Amino acid sequence: MATRRARRIAGFRRCEPVVGYARTARIRARVARRRCRAEKLLELRHGYYRYIDAGRKPSLVLIEDLDGPDAGYGAFWGEVQSAIHRGLGALGLVTNGSVRDIDQWAPGFQFLAGSIGPSHAYAHVVEFGGEIDVLGMRVRSGDIVHADRHGAVVVPAEAVAGLPAAARQDRGTRGAHPGGSARAGQQRRAIDRSVFAARRHPLRRRAVRV
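Residues numbered from 1 in each chain as written. Predicted model: local features only at pLDDT ≥ 70, side-chain atom pairs only at ≥ 80, totals over all residues. Heavy atoms only, no water.

Enquirer: Can you walk me through the side chain of T95 in this structure?
Expert: Here T95 is to be found in strand β3 (residues 90–95). Looking at T95, the relative accessible area reads 1%, which means it is buried. Not counting chain neighbours up to four residues away, the residues in contact with T95 comprise I63, L112, A113, G114, V134 and L135. (Helix = DSSP H or I, 4+ residues; strand = E, 2+ residues; numbered from the N terminus. Buried < 20%, exposed > 50% of the residue type's maximum accessible area, 1.4 Å probe, protein only. Contact = heavy atoms within 4.5 Å.)

Structure below.
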């Protein structure tokens with residue numbers, strides 16, 4: 001699929017990794033929205049923002065640009081949207097579309113995007129809250145997603161449940177074996193295999209070309 005080979009860019013190099021509950025949506029920007037009643041447009045827009053604000057926090061916003069080969073033709077994301085979503089509890093964005101207004105971007109708001117562009121064109125939300133495909137990664141609303149400037153991954157719920165115990169065991173191992181014995185190394189590798197079992201999940205991490 002084209003999305004699996006798509007060029008990707010990272011966010012700001014000094015941004016910390018982020019983990020949050022997925023908020024999903026689809027957009028278009030290449031063609032203007034079909035004419036419809038103003039009330040309908042407002043209902044969709046307000047419903048989208050209510051959806052972003054609701055649910056468990058913190059959140060990550062994942063947006064699928066439906067414009068195919070022209071994905072990124074118009075940027076839904078810029079100074080205003082990054083600030084709004086930051087205020088609604090989102091930590092960052094993952095999209096195959098484009099972003100703009102980089103110098104005015106909301107402080108601390110991370111992003112992974114397909115490109116940078118100068119214009120919003122006809123960017124508009126088509127739907128939200130469903131299952132989407134972003135750069136080859138399938139994501140459902142409410143999934144737990146980890147992202148940093150190198151890529152993003154959906155973490156299976158069964159792997160998340162074991163993370164606190166794995167972290168405690170790892171701390172105990174490091175404390176009991178200062179300097180790192182062979183046994184400690186073996187134990188840490190075993191922990192790593194457990195903690196990062198998500199890498200073997202079909203929704204595996206995608207590399208990002210910076």
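Enquirer: Would you mind showing me how to read the nonpolar core here?
Expert: Grouped burial of nonpolar side chains is what soluble globular proteins tend to show. Counting residues in hydrophobic clusters, the biggest one holds 21 residues, and the most contacted among them are Y48, I63, W77 and L93. The leading source of residues in this core is helix α1 (residues 38–53), at four residues. Excluding anything up to four places from it in sequence, L93 contacts V61, I63, W77, V99, W105, F109, Q110, F111 and L112. Membership of the second largest hydrophobic core comes to 16 residues, among which are V18, L91, V134 and V154. (Core = buried A, V, L, I, M, F, W, Y, C linked by side-chain atoms within 4.5 Å.)

Enquirer: Which parts of the structure should I look at to understand the pattern of salt bridges?
Expert: For the coordinates displayed, the defined rule picks out eight salt bridges. The closest approach of N and O atoms between K57 and D53, which form a salt bridge, is 3.5 Å. Residue classification places K57 among the partly exposed residues on the basis of a relative accessible area of 36%. With its nearest N and O atoms 3.3 Å apart, the salt bridge here joins R138 to E131. Residue R138 is classed as partly exposed on the basis of its relative accessible area of 33%. Each of the salt bridges in this network shares a partner with another, and the network as a whole consists of R26, E64 and E127. (Salt bridge = Lys/Arg side-chain N within 4 Å of Asp/Glu carboxyl O.)

Function cannot be inferred from these measures alone, as they are strictly geometric.
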